[in-house]
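Structure assessment
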Amino acid sequence: MNIESPTTRRRPHGLASRRVWFTAVTVPVCLWALVALAALIGQRWRADLGWIGLHAAALGVATNAIVTWSDYFVDALMRGAASSKARQIGVLAGLNVGILALIGGIEAALNPLVTAGAALVVVAIVVHCASLWRRSRGALTTRLGSTVVGYYIACAGWFVAAGVFGFLMTTAGGGHLNRYLLAHIASAVLGWLGLAVIGTLVTLWPTILRTRMVPGAQTDARRALPLLNIALAVVVIGGVIGRGRLSALGLLGYLACLGFTLAAMVRAARVKPPRSFAARSVIAGMAWLVGTLVVATVIAAMGPDTATIMNRLTALAWPLLAGFAAQLIAGSMAYLLPVVIGGGPAMVRRRNRVMDLASNTRLVAANGAGLGLLLPLPAAGRVAMIAVAAACVAAFLVLVVATAVVRRPLQMADVPPARTHGFEAMLGVGVLVIALAIATAISPATMVGKGTASGAGSSGAVGNGQSQHVSVEAHDMKFTPNTIDVPAGTHLFIDVKNTDTGGMVHDLVLASGATSGRLSPGASGTLDAGVISASTDAWCSIAGHKQMGMTMKINASGAAPAGGAAAVGFPSATHATPDPNAQMTADPWDAALQPAGPETEHRITLDVTEKEVEVAPGVRQLRWVYNGQAPGPVLRGHVGDKFAVTLINHGTMGHSIDFHAGALAPDGPMRTIQPGEQLTYDFTATKSGVWMYHCATAPMSLHIANGMFGAVIIDPPGLTQVDKEYLIIQSDHWYGAQGEGNDAARIGDGNPDAVVFNGYANQYDAHPLPATVGNRIRFWVLDIGPNEPISFHMVGGQFDTVWAEGAFRLECGYQPAAGVDPACGTLGPGGSQTLSLGPAEGGYVEMVAPEAGHYKFINHVMSDAEKGAHGTLEVSAG
């Protein structure tokens, strides 16, 4: 029997070999890089591939790299036993299976698969970082090792937070989605990726430079860690509560803390200047991080609301992942792979030489292409920049493979004559210039704005030698502008950007079949409409979007209309449309009601004026108003109360008033008075109800639509007090031109531009109505019209009391009867889901919210809810 001497070293084989192990774990990183690259290129044909590309880069590339190399550094720094390969394999397998399930679930619209995949990814990271912590406790720990492990543990916590915010995004809507999105991105990029990179660079950067760590670097890094976490928490909290300036303050703090790392890097670089691809790639990555953080800070500080901030921040996603994360990973791998594969100093030098091939050419070309993609280049120019970036990624992956298979050590005869760094940089610039030149040669019209080639817009049409680019935004079920005028014979290119604030995918399709392709929010595409020889129509082809108003008209001046007149229902180019990038700057109309007072006589003056007001974000209209507001002042009293109303007309035309709460001959008090005149309208409230008042001057529909209405609440006898009372008044809008009144010609077409609560579209989504769990809440509802009915519904709530037009339909869950407790101390089994009212009808409903949350109150005529008859009741736990 042969017994091996204890002094004999057995060479490791299989996965126990560092060469085999690190070659194997590099494979998923490279494969995910190819997926991200393919998705980036594929956005030209399918815009929503951008989401896959981002997550392939963030989860597939970056997260695999962090897991692999954090394990390596802990082994190196802690002077303890190497980690179990079985555990590492399990973590990496769980991570990558989870990523595949997450992306596959999104693609297949299988929410359980998405949830399972996300959970598996989070569990893999938690298991990995728990292992790092356990090994650090049981090893001969150094101060440097403790600092680096502290960064890894912290970044894992932020990874879990990113997963939680990602889950909340799937259940949120409206502005809350954007708030959780900001928190998700900050936790993932600045927390998970950022802290992992900063912690690793403490030891990796001087190692790449082959110099010692500068004095104080480790101490500064340890002190910076809690400050970085505090700054990041401020960013996240600012996002969740919708305070952009608070997030900006957090980003500024993060930048300041990052200065500790950058200062140490600069001091080390002064000792040993960076000359390798690895070092310069790390520098480029950190430059992108600092640049994007500065821009993000400005955006967060200047953005008027969370939706606008997120619309602008989406442009920074690829700069962060490709410019910062990818270049940090590339630089780290370029140094670490030759070292961990091993084979002796000569083999390491050989592999370093492979990774440094044309390093400055690749760096200049890649970063130049990245900067180019941030510029407003024509479509062909963007394709050229993407091609250059793709070529640089492909070149790096080829060099990674070449590094892994190198067998012959470097000999002095193998060292080529030195080239200047400037020469290689010039080659990189040349690559960019050549790419743009090729793009110009292939598609001159899209690069320089000239050309006569026929496009899909008009096959075979003869052009006039002119071309025109028009920018169009798709948002909130509209195109802006919705009419394009071009001379007949013009080659038209439409640059379409989806600026939808509600997360909707849109496209633009011409009658000819030309299409922009489907565009996710924030994505852009150029539609080559071809030579426009005749007027044509365009629309969004997503199911239902065209019917909701996403239509456009392209008018060719000097040519006959194509196919006759425009389709019925096309909005005029002069009609105002909401701006998706605007915020609600008007104060919300106070829907809260106070109980009726003890007085029995009420004297009110209503002053009629005409003023321009905001009625939706970005839409200002001329309104004819009572006492400067629409709806007008709310009057409240009891049966038998007397009202003396003085109406003064300070407008520019005749106006009047009609109180439905009073029964009297209309001849005198409801007459029209001219500017400068006044009248007194006296009535006694003999019946209970929520009554409409309005201008009765013809055309009555136009005066009502222009804001001349309000409510009188006459309490039913025995009405009990409740915890909260709100008034919801529904009205219809047919927008005229910006700054003008409603379009009188369209009021009778049955298709209002907006149906709103209390005069402003969706205002109570931006400013929710508050309540507390257990509160009894009463909603008074009045349908002003002039045309649309209401079916008032509370999403997630049930009404136990319904009172309409003077009588109970349901009282405390019972059929109305004398024995019912009006305070609803005992509830019956009955319930109601809506209060249905026609124009000029009113009533109230009562409910108790069972738990904290956001309850949406809507007009359940869903097309009207989608036009603005929508709000939020925000119920807190108390």
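Owing to the predicted nature of the structure, the values given are computational and were not obtained by experimental measurement. (Residues numbered from 1 in each chain as written. Predicted model: local features only at pLDDT ≥ 70, side-chain atom pairs only at ≥ 80, totals over all residues. Heavy atoms only, no water.)

This brings us to the overall build of the chain. In terms of helices and strands, the chain carries 19 helices and 27 strands. Residue burial in the chain is summarised as follows: out of 878 residues, 51% are buried. A sequence separation of at least 24 residues applies to 74% of the contacts in the chain between residues at least 6 apart. For the chain, the accessible area works out to roughly 37,400 Å², and carbon and sulfur atoms hold 62% of it. (Helix = DSSP H or I, 4+ residues; strand = E, 2+ residues; numbered from the N terminus. Buried < 20%, exposed > 50% of the residue type's maximum accessible area, 1.4 Å probe, protein only. Contact = heavy atoms within 4.5 Å. Areas by Shrake-Rupley, 256 points an atom, 1.4 Å probe, with all protein chains shown as cover.)

Mapped onto the elements of the fold, Thr801 is located in strand β22 (residues 801–804). For Thr801, the side chain forms a polar contact with the side chain of Asp800, separated by 3.0 Å. Setting aside residues no more than four positions away along its own chain, Thr801 makes contact with Arg776, Phe808, Leu810, Glu811, Cys812, Cys824, Tyr844, Val845 and Glu846. (Polar contact = N/O pair within 3.5 Å; in protein donor to acceptor, adjacent residues only side chain to side chain.)

On to the pairing of strand β1 (residues 467–475), then. Remark: a regular strand shows side chains that alternate across the two faces of the sheet. Two elements, β1 and strand β4 (residues 490–498), share eight bridges in a ladder whose sense is parallel. Bridge pairing in β4 places Val470 opposite Ile494. Summarising the sheet, β1 and strand β2 (residues 478–480) pair through three bridges and their orientation is antiparallel. Bridged to Glu473 within β2 is Thr480. Connecting β1 to the antiparallel partner β2 that follows it, the hairpin turn spans two residues, and Asp476 within it adopts a positive phi of roughly 45°. (Pairing = 2+ DSSP bridges.)

Residues Val27, Leu31 and Leu34 make up a contiguous nonpolar surface patch of roughly 260 Å² in combined accessible area. With respect to the helices, strands and loops of the structure, Leu34 is situated in helix α1 (residues 18–42). Accessibility expressed as a relative area gives 44% for Leu34, which makes it partly exposed. (Patch = residues over 30% accessible without salt bridge, like charges linked within 9 Å, V, L, I, M, F, W, Y side chains within 5 Å. Salt bridge = Lys/Arg side-chain N within 4 Å of Asp/Glu carboxyl O.)

Let us now look at the environment of Arg210. Topologically, Arg210 is positioned in the loop between α6 (175–209) and α7 (217–240). Spatially, the C-alpha atom of Arg210 lies 9.9 Å from that of Val271, the residues being 61 residues apart in sequence. When neighbours within four sequence positions are excluded, Arg210 is seen to be in contact with Lys272, Tyr335 and Asn352.

Another point: the confidence of the model for the chain. Detailed reading of predicted coordinates is not advised where the pLDDT is low. Mean pLDDT over the chain works out to 82, with 85% of the residues at or above the 70 mark. Below pLDDT 50 for its whole length, residues 1–9 participates in one contact with residues either more than four positions away or in separate chains. (pLDDT = per-residue confidence, 0-100.)

The strand order across the open sheet built from four strands is β2-β1-β4-β6, with neighbouring strands paired in mixed fashion. Each edge of the open sheet is held by one strand with a lone partner, namely β2 and β6 (524–532). The sheet shows a mean angle of 30° between the axes of neighbouring strands, direction not considered. In terms of strand pairing, β4 meets β6 through eight bridges, oriented antiparallel. Bridge pairing in β6 links Val496 to Gly525. (Axes fitted to C-alpha atoms, helices over the stretch in contact; angles between N-to-C directions.)

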